[in-house]
There are 2 protein chains.
Amino acid sequence: MKKTIFVFGILIVALLSLFQLSSYSIMAGDLSSEVFIAITAIVFLIVGFLLQYRRKERLLQPKPAPIDSDKINELGITDREHEILVKLSEGLSNKEIGETLFISESTVKTHLSNLYSKLSVKRRTQALQKAKQLHIL
Amino acid sequence: MKKTIFVFGILIVALLSLFQLSSYSIMAGDLSSEVFIAITAIVFLIVGFLLQYRRKERLLQPKPAPIDSDKINELGITDREHEILVKLSEGLSNKEIGETLFISESTVKTHLSNLYSKLSVKRRTQALQKAKQLHIL
DNA sequence: TTTCCTATCATACGAAAGTACCAAACCGCA
DNA sequence: TGCGGTTTGGTACTTTCGTATGATAGGAAA
């Protein structure tokens, strides 16, 4: 917000300066009004360009990683289950998931079964697809 | 390129119109030059804004996921194999893939086995991860 | 024509994955 | 202190997946 006020302040000052300069120069007769209009056009074209550039930059930032934790809670998915879901997306087998998390394969299966029912799916590949679709991965 | 020429053509015409209008009005004395400068400023601010917006839109579009068919050929993946890979990413079982493509489960298994070796993976979930990483999905 | 590639299908076997129970330990909360 | 949820683990069983091997058929290339 502070930036917006600052930018518009600058713009108004620039505009007023142009007014003054144009009045003076036209009186003096050394420059035509067309030149001022042209200058104004170019300057504000660039300003508008830059303003939009800045604005889009901000919109670009929050794009890459949207992990919807609200959705996770909404579905009642626990931390552990989500942790296992991540390992799943890395292509690990149940056994490998167990090894990386220091738990038995049985436990992994239990968590996955619960996860499947919460996602209303029957297979790990379906879980992956649904998880991505729901932005919880 | 055609668009760029068109847009700049419009801009030049607009500018010339303003010149004419300003000359006429100043002669007639019914409007001050400040008003024209202000109008010019606003118009070109908006134009600059819109131009940058379009440009950014184009930069944003190619983000999601282009399907790298060169990579597919490079890995020697056949059309049928890739077709099955797509079904895989939809979370279908071998049997279901067979049904949607009107082939037997055996054939699906054969294609998948070949696909796995071409992708250097051992499981379907790994295949999915690798396929996305290589932009062939 | 013979060879190579692709697509198709089958059988058999072992390895994963998934389901259905059950149960113990822990933790926070009422 | 007991209740409910989470995490952990187990057994037993079914289903799915993956591999190996072989076979047939069509099309493209040599």
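In the block above lies the structure referred to throughout.
Definitions and limits used
Residue numbers run consecutively from 1 along every chain, following the written order of its sequence. Chain letters and ligand numbers both follow the written order, the letters beginning at A and the numbers at 1. Per-residue local features of the predicted model are confined to residues with pLDDT of at least 70, and side-chain atom pairs are confined, for both listing and counting, to 80 or more; whole-chain, interface and lining totals are unaffected and use all residues. Only hydrogens and water are removed before side-chain values are computed, so all heavy atoms of the structure are retained for them. Nearness here has a simple test: a residue counts as near a molecule or strand if at least one of its heavy atoms is within 4 Å of that partner. The term polar contact refers here to a pair of N or O atoms within 3.5 Å; inside protein, the definition further demands a hydrogen-donor-capable atom paired with an acceptor-capable atom, and it admits residues adjacent in sequence only when both atoms are side-chain atoms. Starting at the N terminus, helices and strands are each numbered in turn, a helix being any DSSP run of H or I of at least four residues and a strand any DSSP run of E of at least two. Gly is placed with the polar residues, together with every amino acid not listed as nonpolar (Ala, Val, Leu, Ile, Met, Phe, Trp, Tyr, Cys and Pro) or charged (Asp, Glu, Lys and Arg). Within this analysis, patches are made of residues with over 30% relative accessible area and no salt bridge. Like charges are joined at 9 Å or less; nonpolar side chains (Val, Leu, Ile, Met, Phe, Trp, Tyr) at 5 Å or less. Shrake-Rupley sampling with a 1.4 Å probe provides the accessible areas, and residues are treated as covered by the protein chains on show and by no other component. One side-chain nitrogen of Lys or Arg within 4 Å of one carboxyl oxygen of Asp or Glu is enough to make a salt bridge.

(A) Structural detail: the protein's contact with DNA strand C. Near DNA strand C there are 17 residues, and of these Asn94, Tyr116 and Arg124 of chain A together with Thr78 and Ser104 of chain B occur at the shortest range. Atoms of DNA strand C within 4 Å of the protein: sugar and phosphate make up 67%, bases the balance. A distance of 2.6 Å is found between a phosphate oxygen of DNA strand C and a side-chain nitrogen or oxygen belonging to Tyr116 of chain A. A distance of 2.6 Å separates a phosphate oxygen of DNA strand C from a polar atom in the side chain of Thr78 of chain B. Listed by contribution, the elements that provide at least two residues to the surface near DNA strand C are α6 (105–119) of chain A together with α6 (105–119) of chain B. When residues in the surface near DNA strand C are grouped by element, the largest group, four residues, is from α6 of chain B. Split into classes, the residues belonging to the surface near DNA strand C amount to two nonpolar, nine polar and six charged.

(B) Structural view of a nonpolar patch on the surface. Among the surface-exposed residues, Ile42, Ile46 and Leu50 of chain A lie close enough to one another that they form a single nonpolar patch of about 290 Å² accessible area. Looking at where Leu50 of chain A falls in the secondary structure, it is placed in helix α2 (residues 33–60).

(C) Fine view of the pattern of salt bridges. Taken as a whole and assessed by the stated rule, the structure comprises eight salt bridges over all chains. One salt bridge in this structure joins Arg80 of chain A and Glu83 of chain A, with 2.9 Å as the shortest N-O distance. Highlighted residues: Arg80 of chain A and Glu83 of chain A, both in helix α4 (residues 79–89), separated by three residues, approximately one helical turn. The partner of Glu96 of chain A in a salt bridge is Arg123 of chain B, with the nearest N and O atoms 2.7 Å apart.

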